[in-house]
Protein chains: 2
Amino acid sequence: MKRRKLSTEELVEGIRSGNRVILSRAITLIESNREEDQRQAEDLLQAILPDTGKSFRLGITGVPGVGKSTFIESFGTLLTEKGKKLAVLTIDPSSQRTKGSILGDKTRMEELARNPNAFIRPSASGSTLGGVSGKTREVMLLCEAAGFDFIIIETVGVGQSETHVHGMVDFFLLLMLAGAGDELQGIKKGIMEMADSVVINKADGDNLKQAKRAKAEYQNALHLFPANPSGWIPQVKTCSALDKSGLEEVFEMLTKFQTQVVGNGFFDKNRANQQVSWFKENLNELLKISFFKKPEVQQRYQEKLQEVQSGKTPALNAAHDVLNVF
Amino acid sequence: MKRRKLSTEELVEGIRSGNRVILSRAITLIESNREEDQRQAEDLLQAILPDTGKSFRLGITGVPGVGKSTFIESFGTLLTEKGKKLAVLTIDPSSQRTKGSILGDKTRMEELARNPNAFIRPSASGSTLGGVSGKTREVMLLCEAAGFDFIIIETVGVGQSETHVHGMVDFFLLLMLAGAGDELQGIKKGIMEMADSVVINKADGDNLKQAKRAKAEYQNALHLFPANPSGWIPQVKTCSALDKSGLEEVFEMLTKFQTQVVGNGFFDKNRANQQVSWFKENLNELLKISFFKKPEVQQRYQEKLQEVQSGKTPALNAAHDVLNVF
């Protein structure tokens, strides 16, 4: 059964009053690729703009197996106990294909999913050429307008989405395990240097000693990195999402960070810069999408890609050849 | 006095025979933005393609003051003593403006500039919107066709060019000073994780002890990073470009690296991947350039940028508005 289409006014009103059914429908609208939906999505974004920007935006990344869901479940519950309204957006590169991760994510975070002050939503990472960022940022704005004052954006730490997520959050947290080595294999290079904090999870039972040693090692390593423009010195923490230890310290760290960067003006400056980058990235993506829409472009692109791969044509020439179709 | 325009055949022949005057003119042609020159540049690239790819490509980065010129001068001289023919391409973000760095670079590397087996050329980092990569990669191909079997690409480590350079070299070397702290301030985040080696320069006199300690610290830190897909474990070395110590060890490291990655197949695989990325990046840049050529686009872009900065228009809406001019 096709549901009645809601007007922009109805959506805005529903979002502002915190109606989750309407918020979900608004997110679906934002994520839609239909031209008609996109126009309405823009009207919606324009209308809610004054209600956005008031949350704390936390990016969490880490390879599969590190315990991200359990961490978000435990830490998210703590946040709601402190009176926060929390939205969790998970970016799963595979979700666009399976379409099954809505259920998957809710099952992963059972307790949080039932929590009236938490909202969990998977965010497709975009299926278009170069479209790694999808609409996560716009979804975040909708959640802010709906009154969520803490947003967690979760990624798996192995792809291209981390740079994008780093560019849309206030604080970037890398979740790890003790015993550097194998568990690091999958993580993308450069992520550690972007992290505002490395949190070593599963610091419990027999792991505790190892986790403490790892903490010291990482703290030494982070110390060698170039300083943050925020003046913030990246922190290493240990926690156990399972027995809920160390989470209070993570929360305190975020509070301390916020006080510091709001105080020195970095918070606002960073948000403004992110806004501009976001505009440029969107423009670049839209330009690519409109370019690759033409079947002739697609075809020539594939031909030239082959030629470049086989060393028959210089990259620059091949690029010109594709552009000339336009 | 306007010089006679050389035909593509004359250029190809001159380059193949190692004629530096003709090589320089070919580079000027490649870097030209005139449409007519660009067409000839493509013919030239196509013609020399079989003669390219045979050099070892080394990226060197480090903030101003770390001693890059002295290092390249000393290390480059060592390379020529070992029978290598060396081309040094320096990317200076400011060179496009001053146009003065040709002389500047030659003065910086006096000994190498007089060396018959070395060729030094500054490479503008591109003046177009988003055009950070310029034509350095194409210039590198010309140098390879001219018989240079060792290419050094130098950047200043503070901008966007490093990621591009990392994507066009076989080995990425970060030059640093002992005493982590202030001298790291300027370096861009993520560069350390990309480095195949951190070389601590000025390890001489009173600095020696500090340099050795820094070496141990960095070696520990690099050990915590995610592993390279090449299987190569990043090395930390100390050297003094001034008293020419430690340079032989750097050379040995490069040889060891080459043997390892040629052996395990990474070298070829990486070159092929770089080739494809290069094609995609070029296409993206050309697309942007052709888009921003229209004055209406430029104007609308500036307007929307203002609106985004002042928080009046959502980024996605603004991007759509600019695209719609097209």
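Small disclaimer: the values here were computed from a predicted structure and weren't measured.

Quick notes on the overall build of chain A
Stage number 1. Summing up its helical and strand segments, chain A has 15 helices and seven strands in all.
Stage number 2. For chain A, the residues scored as buried account for 54% of the 326 residues in total.
Stage number 3. When contacts within chain A are restricted to residue pairs at least 6 apart in sequence, long-range pairs at least 24 apart make up 75% of them.

Some points on helix α2 (residues 20-31) of chain A
Stage number 1. Between its first and last C-alpha, α2 of chain A extends 16 Å over 12 residues, near the 16 Å set by a 1.5 Å rise per residue.
Stage number 2. Here α2 of chain A starts with a cap whose side-chain oxygen sits 3.0 Å from the backbone nitrogen of Val 21 of chain A, and that cap is Asn 19 of chain A.

Quick notes on the relation of the copies chain A and chain B
Stage number 1. Once chain A has been moved 0.0 Å along the axis and rotated by 180°, it coincides with chain B to within an RMSD of 0.0 Å. The two molecules are tied by a two-fold rotation axis, judged by turn and shift.
Stage number 2. Of the interface residues in chain A, 100% have counterparts in chain B that sit at the interface too, so the contact is made through matching surfaces.

Considering the interface of chain A and chain B
Stage number 1. The partner chain B presents 57 residues to the 57 residues of chain A that form the contact.
Stage number 2. In this assembly, chain A packs against chain B so that about 5600 Å² is buried in total across both faces, 70% of it on carbon and sulfur atoms.
Stage number 3. On the chain A side of the interface with chain B, the three residues burying the most area are Lys 189, Leu 224 and Phe 279 of chain A, jointly 15% of the side's total.
Stage number 4. Between chain A and chain B we count zero salt bridges in total.
Stage number 5. The interface formed by chain A and chain B includes 11 residue pairs in polar contact (both at pLDDT 80 or more).

Digging into the packing of helix α8 (residues 136-145) of chain B against helix α13 (residues 266-292) of chain B
Residue and element names in this part refer to chain B.
Stage number 1. Viewed as axis vectors pointing N to C, α8 and α13 meet at an angle of 135°, and their least axial separation amounts to 12 Å. As summarised for this structure, α8 and α13 are arranged oblique, according to the angle between their axes. Contacts from Arg 137, Glu 138, Met 140 and Leu 141 in α8 reach Trp 278, Glu 281 and Asn 282 in α13.
Stage number 2. Partitioning the contact of α8 with α13 into residue classes produces three nonpolar, one polar and three charged.

Quick notes on the environment of Leu 305 of chain A
Stage number 1. Inspection of the secondary structure assignment puts Leu 305 of chain A in helix α14 (residues 295-309).
Stage number 2. Leu 305 of chain A sits 60 residues away from Ser 245 of chain A along the chain, and the two C-alpha atoms are 51 Å apart.

Let's talk about the packing of helix α4 (residues 68-81) of chain A against helix α12 (residues 247-263) of chain A
Residue and element names in this part refer to chain A.
Stage number 1. Running from N to C, α4 and α12 cross one another at 65°; their axes reach a closest spacing of 10 Å. The angle between α4 and α12 falls in the class roughly perpendicular. Relative to α12, α4 is oriented so that their crossing is right-handed. Contacts from Phe 71, Ser 74, Phe 75, Leu 78 and Leu 79 in α4 reach Leu 247, Glu 248, Val 250, Phe 251 and Leu 254 in α12.
Stage number 2. Tallied by class, the residues present in the contact of α4 with α12 amount to eight nonpolar, one polar and one charged.

Quick notes on the side chain of Thr 136 of chain A
Stage number 1. Position of Thr 136 of chain A relative to the elements: it lies in helix α8 (residues 136-145).
Stage number 2. Apart from residues lying up to four places away in sequence, Thr 136 of chain A is in contact with Leu 89, Ile 91, Ser 123, Ile 153 and Met 168 of chain A.

Observations regarding the pairing of strand β5 (residues 171-177) of chain B
Residue and element names in this part refer to chain B.
Stage number 1. Of all seven residues in β5, seven are buried; the element is thus mostly enclosed.
Stage number 2. Side chains of β5 alternate between two faces, with Phe 171, Leu 173, Leu 175 and Leu 177 and Phe 172, Leu 174 and Met 176 buried alike.
Stage number 3. In the sheet, strand β1 (residues 56-61) pairs with β5 via four bridges, with the strands oriented parallel. By the bridge assignment, Gly 59 is partnered in β5 with Phe 172.
Stage number 4. Sheet topology places β5 next to strand β6 (residues 197-201); five bridges connect them, and they run parallel. Note that in β6 the partner of Leu 173 across the bridge is Ser 197.

A word on unusual backbone geometry
Residue and element names in this part refer to chain A.
Stage number 1. We note that Lys 202 has phi near 60°; this positive angle belongs to a residue other than glycine.
Stage number 2. Locating Lys 202 in the fold gives a position in the loop between β6 (197-201) and α11 (208-223).
Stage number 3. Unusually for a residue other than glycine, Lys 244 sits at a positive phi of about 60°.
Stage number 4. Its place among the elements puts Lys 244 in the loop between β7 (235-238) and α12.

Considerations on the environment of Leu 247 of chain A
Residue and element names in this part refer to chain A.
Stage number 1. Mapped onto the elements of the fold, Leu 247 is located in helix α12.
Stage number 2. Judged by relative accessible area, which is 3%, Leu 247 ranks as buried.
Stage number 3. Considering only alpha carbons, one finds Leu 247 and Phe 279, 32 residues apart in sequence, at a separation of 35 Å.
Stage number 4. What Leu 247 contacts, discounting residues up to four positions off in sequence, is Phe 71, Ser 74, Phe 75, Leu 78 and Cys 239.

Comments concerning the packing of aromatic side chains
Residue and element names in this part refer to chain B.
Stage number 1. As enumerated under the stated definition, the model contains 20 aromatic pairs over all chains in all.
Stage number 2. Aromatic pair Phe 56 and Phe 257: ring centres 6.4 Å apart, planes at 80°, arrangement edge-to-face. Here Phe 56 is found in strand β1, whereas its partner Phe 257 is found in helix α12 (residues 247-263), with 201 residues between them in sequence. For the pair shown, Phe 56 and Phe 257 are each scored as buried.

Thoughts on the confidence of the model for chain A
All names here are of chain A.
Stage number 1. Confidence in the prediction for chain A averages 88 pLDDT; 88% of positions are at 70 or higher.
Stage number 2. Under a pLDDT of 50 for its full length, residues 95-103 has, in the predicted model, 11 contacts with residues more than four places off or in other chains.
Stage number 3. Interface scoring of the predicted complex returns ipTM 0.89; its pTM is 0.88.

Quick word on the pairing of β6 of chain B
Residues and elements named next belong to chain B.
Stage number 1. Most of β6 sits inside the fold, with five of its five residues counted as buried.
Stage number 2. Burial along β6 is two-sided: Ser 197, Val 199 and Asn 201 facing one way and Val 198 and Ile 200 facing the other are all buried.
Stage number 3. As paired elements, β6 and strand β7 (residues 235-238) share four bridges and run parallel to each other. Directly across from Ser 197, in β7, lies its bridge partner Gln 235.
Stage number 4. This β-α-β element, β6 to helix α11 (residues 208-223) to β7, shows right-handed connectivity.

Quick notes on the rules
Residues numbered from 1 in each chain as written. Chains lettered and ligands numbered in written order. Predicted model: local features only at pLDDT ≥ 70, side-chain atom pairs only at ≥ 80, totals over all residues. Heavy atoms only, no water. Helix = DSSP H or I, 4+ residues; strand = E, 2+ residues; numbered from the N terminus. Buried < 20%, exposed > 50% of the residue type's maximum accessible area, 1.4 Å probe, protein only. Contact = heavy atoms within 4.5 Å. Expected span 1.5 Å × (residues − 1). Polar contact = N/O pair within 3.5 Å; in protein donor to acceptor, adjacent residues only side chain to side chain. Least-squares fit on C-alpha atoms with pLDDT ≥ 70 in both. Buried area = accessible area lost by both parts, 1.4 Å probe. Salt bridge = Lys/Arg side-chain N within 4 Å of Asp/Glu carboxyl O. Axes fitted to C-alpha atoms, helices over the stretch in contact; angles between N-to-C directions. Parallel < 35°, antiparallel > 145°, perpendicular 65-115°, else oblique. Nonpolar A, V, L, I, M, F, W, Y, C, P; charged D, E, K, R; others polar. Left-handed = near helix turned anticlockwise from the far one by under 90°. Pairing = 2+ DSSP bridges. Phe/Tyr/Trp six-rings, centres within 6.5 Å; stacked < 30°, edge-to-face > 60°. pLDDT = per-residue confidence, 0-100. Right-handed = clockwise from strand over helix to strand, strands pointing away.

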